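# Structure assessment
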Amino acid sequence: MCAVLLAGLSACGGNPKQPAESPGQTAEALKKFDDEKFGMFIHWGLYAIPAGEWKGQYVRGIGEWIMNRARIPVKEYEQLAKQFNPVKFNAGEWAQVAKDAGMKYVVITSKHHDGFAMYGSKVSKYNIVDATPFARDPMKDLSAACAAAGLGFGFYYSQDQDWHEPNGRGNTWDFPAGRNSQQYLRDKVMPQVKEILTGYGQLSLIWFDTPGMLSDQQVTDLRRMVKTLQPMCLINSRIGHGKGDYLQTGDNAIPIQVYSKTKWEVPATLNDTWGFKKNDHNWKAPADLIAKLADIVSKGGNYLLNVGPTAEGLIPEESQSILRTIGKWLDVNGESIYGTSASPFYFPDITWRCTVKPGKVYLHLINWPGREFRFEGLESEVKKAYFLANGKDVPYKREGNTLQFTLPEAPVDPYDSVLVLDIAGTTPRVAAGFASGSLPAKLDLYAWTARLRGEEIRYDRKSMSATNFKNVDTEKNELWWYPYESLEGNYSVEITYACDSKAAGSEFRIGAYDGQNAPRAVEGRIESTGGEFVTRKVKGTLQVARDDRYIGFSLPDDDKSAGVRVRKITLIR
Ligand code: JFZ
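Residues numbered from 1 in each chain as written. Predicted model: local features only at pLDDT ≥ 70, side-chain atom pairs only at ≥ 80, totals over all residues. Heavy atoms only, no water.

What follows deals with the overall build of the chain. When helices and strands are tallied, the chain shows 11 helices and 30 strands. Each principal axis of the C-alpha atoms in the chain carries an extent, and together these give about 70 × 55 × 50 Å. Looking at the chain as a whole, 56% of its 573 residues are labelled buried. Approximately 22,500 Å² of the chain is accessible, and the part contributed by carbon and sulfur atoms is 50%. Within the chain, the 68 negative side-chain charges are centred at a point lying 1 Å from the centre of the 70 positive side-chain charges. (Helix = DSSP H or I, 4+ residues; strand = E, 2+ residues; numbered from the N terminus. Buried < 20%, exposed > 50% of the residue type's maximum accessible area, 1.4 Å probe, protein only. Areas by Shrake-Rupley, 256 points an atom, 1.4 Å probe, with all protein chains shown as cover. Lys, Arg positive; Asp, Glu negative; His and termini not counted. Charge placed at Lys NZ, Arg CZ, Asp CG, Glu CD.)

Below you can see the structure in the form of structure tokens.
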């Protein structure tokens, strides 16, 4: 990111006549954002009406993309507006769900790629006040309800893709010809962004998305306008050209280890869609989401968890119930999440995660280790060890830098039992080789830390493995690991998996992807393991280049993938 954070615009060669940004205010907003950790994403728009089905046909993929996926002409899609009447919408109730979940900020779609403004816009008639029977601006209510509830409030705005506009990016079925991005920027994006920055009080952040068409200068202009109108409003990295205040990871994509070069946020779904889809019931388990929250915060990130309200204006019951379960955990364990810093320790496996505060180390036991728990690498003196859930002391022995805890038979919390260490001094002293920056010779990539790609793939917490690596049309179900640090080097590879005899035979591929070209990969065949988990060497060497973005696991021929369970891939230098 150009030196926007550090030195204002002059360092980026900006126009000296423009008012300088206030890096101090951005830093202050970032600090607040970093403390909040947990937010609610809301994808709400006309796409909630078809809800994943067009003309009686199921449409694969994320719900808010239905116009694109089904190549729906603008003239047809526009008709949805006439039916949009979310009479059950109640901003206070939505804000309450976020509060109950323990979330600290809310981000909602003001305009998604379909181009429809979900607020009262004077710039385009294609908006909820002028084009729907609802004829009200729900964002006025929601921004007020969030302010009243003490929640931060921000807008998502699709600045680059706009399938409603001939000059916006993305609609090739209605507008195959060339685009005048400057005209689109001038006539729609700039004036609409101005509207959302001036009509809804203080915005915590503006969440841009899918950059692609806009130039470096155009993005600079957009950024400048945001910071001029609202110096405390943060901008995510999907504004493009490295001009955001903080990094957006890929959707549901969590770095494999601590990442502290910049602040970051993981946007994530509760099922497999952002916008409401009536047939998507693949809800993630609260246990998994709570562990992910601990995982993300321990690595330095924020978690932005999505709900997709219905066309009537209701947050689905399942979503509400999942979120309230997370909130109950946070009621007890919030101290180990909000306002904490990332782990100073490297994570050798997925038993525990760690957050810290001055004088305190929080060990999040996300996969119960049984009665014995060895924790290595802490040099600081421990004054007291106890569970946050019940305040009970946890007995331990120390040998050098190893703490050997004796735990109860069962977890003290069904999701994440937080073991608190009161330590001498403010920051923990970490023994050499155990610090979060270190990269050991053997790097375990657990399925649990991967992004699950596709609608069919499933993760099973009990066996700690992923299964169902199907290929449906051109879409694959895969595991992707994002290091967010370079893993450049040559590796021998191991795979830990289980497979019954019926499922054996598929070829698998483990590849290093740069996001553009075919991966450099090693391949092998899934053999029966008699259903047991075994670790097998994979032939060949995996070459990872400096700028590779992720490591992937797939079954290019997948026929029997339902019987294959992958726990982890190990890269050995
Ligand atoms: C984008 C949108 O296209 C989508 O509809 C949704 O709003 C989501 C939150 O953001 O989708 C993306 C954008 C970037 C990545 C993945 C999906 N990414 O970088 O991996």
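Below, the discussion takes up the site of the ligand. Surrounding the ligand, one finds 15 residues, the nearest of these being His-43, Glu-64, His-112, His-113 and Asp-251. One of the side-chain nitrogen or oxygen atoms of Trp-65 is found 2.9 Å away from an oxygen atom of the ligand. Within the side chain of His-113, a nitrogen or oxygen atom sits 2.7 Å from an oxygen atom of the ligand. Considered on its own, the ligand offers 450 Å² of accessible surface; in the complex 82% of this is hidden by protein. A class-by-class count of the residues in the shell around the ligand yields 5 nonpolar, 5 polar and 5 charged. (Near = heavy atom within 4 Å. Polar contact = N/O pair within 3.5 Å; in protein donor to acceptor, adjacent residues only side chain to side chain. Nonpolar A, V, L, I, M, F, W, Y, C, P; charged D, E, K, R; others polar.)

Quick look at the pattern of salt bridges now. Within this structure, the stated rule accounts for 42 salt bridges. For Glu-494, the salt bridge goes to Lys-537, with nearest N and O atoms at 3.5 Å. Highlighted residues: Glu-494 in strand E25 (residues 489–499) and Lys-537 in strand E28 (residues 534–544), separated in sequence by 43 residues. Measuring nitrogen to oxygen at the nearest pair gives 3.8 Å for the salt bridge that ties Arg-546 to Asp-547. In this structure, Arg-546 and Asp-547 share a single accessibility class: exposed. Through salt bridges with shared partners, a single ionic network connects Glu-21, Arg-223, Lys-227 and Asp-245. (Salt bridge = Lys/Arg side-chain N within 4 Å of Asp/Glu carboxyl O.)

Taking 1.5 Å as the rise per residue, helix H10 (residues 286–299) with 14 residues should run 20 Å; its terminal C-alpha atoms sit 20 Å apart, in good agreement. Among the 14 residues of H10, 13 are classified as buried, and the element is accordingly described as predominantly covered. Directly after H10, the chain includes Gly-300, whose backbone phi takes a positive value near 110°. (Expected span 1.5 Å × (residues − 1).)

This brings us to the packing of aromatic side chains. According to the stated counting rule, one finds 33 aromatic pairs in the structure shown. The interplanar angle of 20° and the centroid separation of 5.7 Å between the aromatic rings of Tyr-156 and Trp-207 together place this pair among those described as stacked. Here the residue Tyr-156 occupies a position in strand E5 (residues 152–157), and Trp-207 occupies one in strand E6 (residues 205–208), the gap between them amounting to 51 residues. Considered together, Tyr-156 and Trp-207 belong to a single accessibility category, that of buried residues. When the centroid spacing of 5.4 Å and the interplanar angle of 75° are considered together, the rings of Phe-347 and Trp-352 count as edge-to-face. (Phe/Tyr/Trp six-rings, centres within 6.5 Å; stacked < 30°, edge-to-face > 60°.)

Let's shift gears to the pairing of strand E30 (residues 564–572). A large share of E30 lies buried, amounting to 7 of its 9 residues. Bridge count for strand E18 (residues 442–446) against E30 is 5 bridges, and the pairing is antiparallel. Paired with Lys-442 across the two strands is Ile-572, which belongs to E30. Summarising the sheet, strand E21 (residues 465–467) and E30 pair through 2 bridges and their orientation is antiparallel. By the bridge assignment, Ala-466 is partnered in E30 with Val-566. Pairing analysis gives 8 bridges linking E25 to E30, with the strands arranged antiparallel. Residue Tyr-497 lies in a different strand from E30, and its bridge partner there is Val-566. (Pairing = 2+ DSSP bridges.)

Packing of helix H5 (residues 91–101) against helix H11 (residues 317–333) leaves a shortest axis separation of 6 Å and a crossing angle of 40°. Classified by the angle their axes make, H5 and H11 are oblique. Contacts from Val-97, Asp-100 and Ala-101 of H5 reach H11 at Gln-320, Leu-323, Arg-324, Ile-326, Gly-327 and Leu-330. (Axes fitted to C-alpha atoms, helices over the stretch in contact; angles between N-to-C directions. Parallel < 35°, antiparallel > 145°, perpendicular 65-115°, else oblique. Contact = heavy atoms within 4.5 Å.)

A few words now on the domain arrangement of the chain. Taken as a whole, the chain is organised into domain 1 (10–332), domain 2 (352–423) and domain 3 (442–572). The distance between the C-alpha centroids of domain 1 and domain 2 comes to 38 Å. Listed as interface residues are 12 residues of domain 1 and, on the opposing side, 11 residues of domain 2. For domain 1, the biggest contributors to the area lost against domain 2 are Ser-298, Trp-329 and Val-332; these three give 47% of the whole. For the interface between domain 1 and domain 2, the tally reads 1 salt bridge. The salt bridge involving Arg-353 is made with Asp-295; its shortest N-O contact spans 2.6 Å. (Domains from an automatic or database assignment. Buried area = accessible area lost by both parts, 1.4 Å probe.)

Right, let's get into unusual backbone geometry. For Asn-252, which is not glycine, the phi dihedral falls at a positive 60°. Relative to the assigned elements, Asn-252 resides in the loop between strand E8 (247–248) and strand E9 (264–268). One non-glycine residue with positive phi stands out, namely Tyr-484, at about 60°.

A few words now on the layout of surface pockets. Each pocket or cavity is described by its volume, and for the second largest pocket that value is around 250 Å³. Taken together, 14 residues line the second largest pocket, and the ones lying closest to its centre are Pro-348, Asp-349, Trp-352, Arg-374 and Glu-376. Among the elements that take part in the lining of the second largest pocket, strand E13 (residues 372–376) stands out by supplying 4 residues, more than any other. Classifying every residue of the lining of the second largest pocket by side-chain character gives 8 nonpolar, 3 polar and 3 charged. (1 Å grid on protein atoms, 1.4 Å probe; cavity = no way out; pocket = protein on both sides within 12 Å on 5 of 7 lines; lining within 4 Å. Points joined across faces, edges and corners; volume = space filled by probe spheres on them.)

Think of a sheet as strands paired side by side through backbone hydrogen bonds, with each pair either parallel or antiparallel. Here we have 5 strands laid out as an open sheet, ordered E19-E24-E29-E26-E27, and antiparallel in their pairing. The open sheet terminates on both sides in strands that have one partner only, identified here as strand E19 (451–453) and strand E27 (520–525). Ignoring strand direction, the axes of neighbouring strands in this sheet form an average angle of 20°. In terms of strand pairing, strand E26 (residues 507–513) meets strand E29 (residues 550–554) through 5 bridges, oriented antiparallel. For Arg-509, the partnering residue across the bridge sits in E29 and is Ser-554.

All right, on to the confidence of the model for the chain then. With 97% of its residues at a pLDDT of 70 or more, the chain has an overall mean of 94. Here residues 1–16 scores under 50 on pLDDT; set against residues more than four positions off or in separate chains, the count is 24 contacts. (pLDDT = per-residue confidence, 0-100.)

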